[in-house]
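Each chain, letter by letter, is given below.
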Amino acid sequence: MEAKQNNWHSELKKNTKALAVWTFLWVFTLAFVAFGPKFIWNENKIITIVMIIINTLVGVGMIWINRKHLNSQDPLQRKISMDAMAITLGITLIVGISYSMLDITNLISFNAEISHLVFVMGITYLIAMLIGNARYK
Amino acid sequence: MKNRIKVLRAEQNITQAELANRVEVSRQTINAIEKGKFDPSLPLAFKIARLFNLKIEDIFQDEE
């Protein structure tokens, strides 16, 4: 029984670490794609395409490990995570469309950038996780 | 859903953390189940029942 307990905890820890590593790798390769063409490889198209492919593949890996991490959580942790994801999806969709409409109808003077939406997603997920954890304390 | 986990734990002198470890969940999950804030999944309910050598319906009761 003791070995089984440790297995569950160590599996969750291992998957959490793996998720952190893959997320870091994805952000790192994304930074390469964003800044590399101008500052490192002088707009070479082939290198840029290769880096975009690498970034996409790392992104797929990150999604896969995120699913694995979710499945290694216990039922309550999974519910809190799934609720946070559902709220994030809904808010991103609604805010994203409204934000885009503001841009299309020229009600805002600047362009609606996808990075703004990613920021909203991150903040929403973080707040939803904090509220979820507080609710079941 | 009401449950008798707290009583059963007290009878067998098991802490929330010990029960959580034995059924492979976090202590937060056991606490939420005991307080009726969270209904366990069927596999988790079976694990808890098996641990106390009882049937699921002897531990969990529908409030309706």
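Residues numbered from 1 in each chain as written. Chains lettered and ligands numbered in written order. Predicted model: local features only at pLDDT ≥ 70, side-chain atom pairs only at ≥ 80, totals over all residues. Heavy atoms only, no water.

Residue and element names in this part refer to chain A. Here helix α4 (residues 114-135) contains 22 residues, and its C-alpha end-to-end distance of 31 Å stays within 8% of the 32 Å for a straight helix at 1.5 Å per residue. Among all positions in α4, only L117, T124, A128 and G132 are buried. Seen end-on, α4 carries its buried residues on one side only, within an arc spanning 65 degrees. In α4, the exposed residues that point more than 90 degrees away from the buried face are V118, F119, L126, L130 and A134. For α4, the secondary structure elements touched by its buried residues are α3 (75-104). (Helix = DSSP H or I, 4+ residues; strand = E, 2+ residues; numbered from the N terminus. Expected span 1.5 Å × (residues − 1). Buried < 20%, exposed > 50% of the residue type's maximum accessible area, 1.4 Å probe, protein only. Arc of directions from axis to C-beta. Contact = heavy atoms within 4.5 Å.)

Our focus in this paragraph is the nonpolar core. With 23 residues, the main nonpolar core has B:L19, B:V23, B:I48, B:F52, B:I59 and B:F60 as its most contacted residues. Every element with two or more residues in this core is listed here: α3 of chain A together with α1 (5-12), α2 (16-22), α3 (27-34), α4 (42-51) and α5 (56-59) of chain B. No other element matches α4(B), which puts five residues into this core. Ignoring sequence-local partners within four residues, the contact set of B:F60 consists of B:M1, B:K2, B:N3, B:I5, B:I33, B:P40, B:A45 and B:I48. (Core = buried A, V, L, I, M, F, W, Y, C linked by side-chain atoms within 4.5 Å.)

Feature annotation in UniProt places "domain: HTH cro/C1-type" (unreviewed entry) on residues 5-59 of chain B, given in this structure's numbering. As a span, residues 5-59 of chain B carries 67% helix and 0% strand, and end to end its C-alpha atoms are 7 Å apart. (UniProt positions renumbered as here; feature names shortened; annotations may be inferred.)

The subject of this paragraph is the interface of chain A and chain B. With 15 residues of chain A at the interface, the matching set in chain B holds 14 residues. In this assembly, chain A packs against chain B so that about 1300 Å² is buried in total across both faces, 57% of it on carbon and sulfur atoms. Of all residues in chain A, A:P75, A:L76 and A:Y136 give up the largest surface area on contact with chain B, accounting jointly for 34% of the area buried on that side. Here chain A and chain B share zero salt bridges between them. For the pair chain A and chain B, the interface holds seven residue pairs in polar contact (both at pLDDT 80 or more). Looking at the side of chain A that touches chain B, the elements that each hand over two or more residues are α1 (2-39), α3 and α4 of chain A. Counting residues per element, the side of chain A that touches chain B draws most heavily on α3(A), at five residues. The residue makeup of the side of chain A that touches chain B, split by class, is six nonpolar, four polar and five charged. (Buried area = accessible area lost by both parts, 1.4 Å probe. Salt bridge = Lys/Arg side-chain N within 4 Å of Asp/Glu carboxyl O. Polar contact = N/O pair within 3.5 Å; in protein donor to acceptor, adjacent residues only side chain to side chain. Nonpolar A, V, L, I, M, F, W, Y, C, P; charged D, E, K, R; others polar.)

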